Amino acid sequence: MTSAEPAATPPAPPVSLTALLARRDLGLRLLAGPEDVSIHWVHTSEMADPYPYLLGGELLMTAGVQLADPAHYVERVVEAGAAALAFGVTPVYDTVPAELVEACARHGLPLVEVPPRTPFTAVARALWRLMAEARLHELRRVTEAQQSLAAAAARPAPVPAVLGALASRLGGRAVLFGADGTPSVAAGREVPAEATRALRDLAGVLGPRPGGPASASGDGGGLRLAAYALGGGDGLTLGVATERRGPGDHTIAGVAVVLLSLLTAPHRGADATARDGALVRLLLGTAPAEIAGTLGPGPWTVVHARGGDGTPFAAAGLAAALGTALVDTGGTGTGAGTGTGAGTGTGAGTGAGGRGGAAPGTPGQEGTAPDPAGAAGRGGTAPGTAGPGGTAGGAALGAVRLLLPAPSSVTAQSGWTLGVSAPVDADGLAAADAQAARALRRAEATGADLVRHRPGGLAALVDPDEATAHARALLAPLSEPLAETLRVWLSLHGGWDRTAAAMDIHRNTVRQRITRCAALLDRDLDDPDVRMELWFALTSR
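Residues numbered from 1 in each chain as written. Predicted model: local features only at pLDDT ≥ 70, side-chain atom pairs only at ≥ 80, totals over all residues. Heavy atoms only, no water.

Asker: Sorry if this is basic, but what is going on with the sheet that holds strand E16 (residues 416-420) here?
Answerer: Sheet strands pair via backbone hydrogen bonds, and the direction of the pair is either parallel or antiparallel. One open sheet accounts for five strands, arranged E14-E15-E13-E16-E17; its pairing is mixed. Looking at the sheet topology across the chains shown, the edges are occupied by strand E14 (327-328) and strand E17 (450-452). Pairing of E14 with strand E15 (residues 400-405), which is carried by two bridges, proceeds in the antiparallel orientation. Within E15, the position partnered with Val 327 by the bridge is Leu 402. Sheet strands in contact with helix H10 (residues 314-322) are strand E13 (300-307), E14, E15 and E16, and its direction is about 20 degrees off that of E15. Each of E13, E15, E16 and E17 touches helix H11 (residues 429-446); the most contacted strand, E13, lies at about 35 degrees to it. (Pairing = 2+ DSSP bridges. Helix = DSSP H or I, 4+ residues; strand = E, 2+ residues; numbered from the N terminus. Contact = heavy atoms within 4.5 Å. Axes fitted to C-alpha atoms, helices over the stretch in contact; angles between N-to-C directions.)

Below is the structure:
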């Protein structure tokens, strides 16, 4: 049923041999075969066997310099798919050999006599001019069709109007099929029942399968058939039946496909309206748990990502790949390390996730001077504290944040580093955001493409309130930057370089902070029991 297009595509619409024969200045004469063939290009060859040098669809011109066996020569030309053969009389032959005429008539290959006064270059030039004229005609035809389709899309009943305009421009019938193959809207002249069935079967070849073909073509009921899958993932298909297929028909149908894809996808506008409504309610004080239900079913998964190709569309592409429209492109960093007080960088203090921020008098990440305060500077936002528009976990600077409803699954994406939270209900989104931020930092430190938050463990056996109270008491001497540095350092098994990479600070700064933590806590951080207790406290606070 389906048919593939030729591998070699001509640079311009083909020209009928009839149009070339009509050029009186050339003096061409048809000796055998039909004249209603299409010529895609022209080629001259005096090889005894031109087969290896032909692409198919060309007008082959020769003077018969090595024509030893006309019958075999014509067989090879036909096998190569040439459209027609032009034979130039003189200087080798005074007339076209009778054996050549008979062989061409037997194989149905058009044979054209080129008179002595007409050089082959004149025939080639005439053919290219005809192709240029045909190309200009097709461009005008496509432009007019685009304008007609666009005008139809603006009418009160746009879908039937677009189908009607398409059918009129192509001189056939246009049908919009549903996902189950049932015709929903049709326009244009009626076609035989056989063609209708064949067109429906052709539309079924496409279907809503991900990665499936976008178009298919074939024949049925004496008509040329084509089917095109509409965008939007709803399984809608456009079917077209025409008596013939012109060079610009595929382009015209493509315009109709784009318009129909937009016109038949009102749910996209509804989704955007729901998101806008949820945002307004959130800004007016509605609790996130009450809003989440309007965006999709729970549980929810939060993903933090960094990477992409640097284009403005990278985040949107990632969101599409993960199957969500709920994305925060980040870019300026929120939460940790976003203060703008005294000092250098983006925060007065060196907060977790801040890039190059430093406390007053403290160098940036490449510096080696002491980190005396070990806390967020004036105006900075310490890790774990929500800044304006931020979250308790704090998104790393430049990270993209995504919210995925169930049953979405997160897989590694080329060019991205991902941190994934555990699935949570709407009231746990803030905690999930912090989980994803920590998972992203761990992924960057370990060089992994994707790291997931691992919930549970022994900590789940302790009452959360008691664990929080113990953690606060134990960690009271530490400022937030010190506590976060200690947490990252412990999570990476005391690795200085990996901790520095995860926090985007200098390794000497890590050493200074860990030494300060040991002094303030009065604990031996090389003791595994101490490390275990501190880790429990840091993950319970």
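Here the narrative resumes, following the displayed structure.
Asker: Would you take a moment to explain the packing of aromatic side chains for this structure?
Answerer: For any pair of aromatic rings, the description consists of the separation of the ring centres together with the inter-plane angle of the planes. According to the stated counting rule, one finds two aromatic pairs in the structure shown. A centroid spacing of 5.4 Å and a plane angle of 35 degrees characterise the contact between Trp 489 and Trp 496, whose relative ring orientation is tilted. The exposure class assigned to Trp 496 is partly exposed, which follows from its relative accessible area of 23%. Against the face of Tyr 51 rests Arg 76, its NZ or CZ located 4.1 Å from the ring centre. (Phe/Tyr/Trp six-rings, centres within 6.5 Å; stacked < 30°, edge-to-face > 60°. Buried < 20%, exposed > 50% of the residue type's maximum accessible area, 1.4 Å probe, protein only. Lys NZ or Arg CZ within 6 Å of the ring centre and 35° of its normal.)

Asker: Before we go on, may I ask you to explain the nonpolar core in this structure?
Answerer: Within soluble globular proteins, side chains that are nonpolar generally end up buried alongside one another. Residues Leu 149, Leu 163, Leu 166 and Leu 238 are the most contacted members of the largest nonpolar core, which totals 29 residues. With eight residues, helix H5 (residues 158-170) is the largest single contributor of residues to this core. Counting residues in hydrophobic clusters, the runner-up holds 25 residues, among them Leu 490, Ala 502, Leu 525 and Leu 538. (Core = buried A, V, L, I, M, F, W, Y, C linked by side-chain atoms within 4.5 Å.)

Asker: Hey, could you run me through the pairing of strand E5 (residues 58-62) in this one?
Answerer: Both faces of the sheet carry side chains from a regular strand, because those side chains alternate between them. E5 sits mainly inside the fold: five of its five residues count as buried. The alternating pattern of E5 places Glu 58, Leu 60 and Thr 62 and Leu 59 and Met 61 on opposite faces, both of which are buried. Relative to strand E6 (residues 84-88), E5 is paired through four bridges, and the arrangement is parallel. Note on E6: the bridge partner recorded for Met 61 is Ala 86. Regarding the hand of the β-α-β motif, the stretch spanning E5, helix H2 (residues 70-80) and E6 is right-handed. (Right-handed = clockwise from strand over helix to strand, strands pointing away.)

Asker: Just to check I follow, could you spell out the pattern of salt bridges for this structure?
Answerer: Between side chains of opposite charge, pairing is possible as soon as their charged atoms come close. One pass over the structure, following the stated rule, counts 18 salt bridges. Ionic pairing is found between Arg 173 and Glu 190, a salt bridge with its closest N-O pair at 3.7 Å. In this pair, Arg 173 sits in strand E8 (residues 172-177) while Glu 190 sits in the loop between strand E9 (183-188) and helix H6 (193-206), placing the two residues 17 residues apart along the sequence. The exposure class of Glu 190 is exposed, given its relative accessible area of 62%. Close ionic contact of Arg 441 with Glu 484 constitutes a salt bridge, the shortest N to O distance being 2.8 Å. With Arg 441 in helix H11 and Glu 484 in helix H13 (residues 480-491), this pair connects stretches of sequence that are 43 residues apart. Overlapping salt bridges bring together Asp 49, Arg 76 and Glu 79 as one network. (Salt bridge = Lys/Arg side-chain N within 4 Å of Asp/Glu carboxyl O.)

Asker: What am I meant to see in the pairing of strand E12 (residues 237-242) here?
Answerer: Extensive coverage of E12 is indicated by the burial of six of its six residues. Residues of E12 alternate between two faces, with Thr 237, Gly 239 and Ala 241 on one and Leu 238, Val 240 and Thr 242 on the opposite face, all of them buried. With six bridges joining them, E8 and E12 adopt antiparallel strand pairing. Pairing of Arg 173 across the sheet is with Ala 241, part of E12. Here six bridges tie strand E11 (residues 223-229) to E12, and the two strands are oriented antiparallel to one another. Considered in E12, the bridge of Tyr 228 is made with Leu 238.

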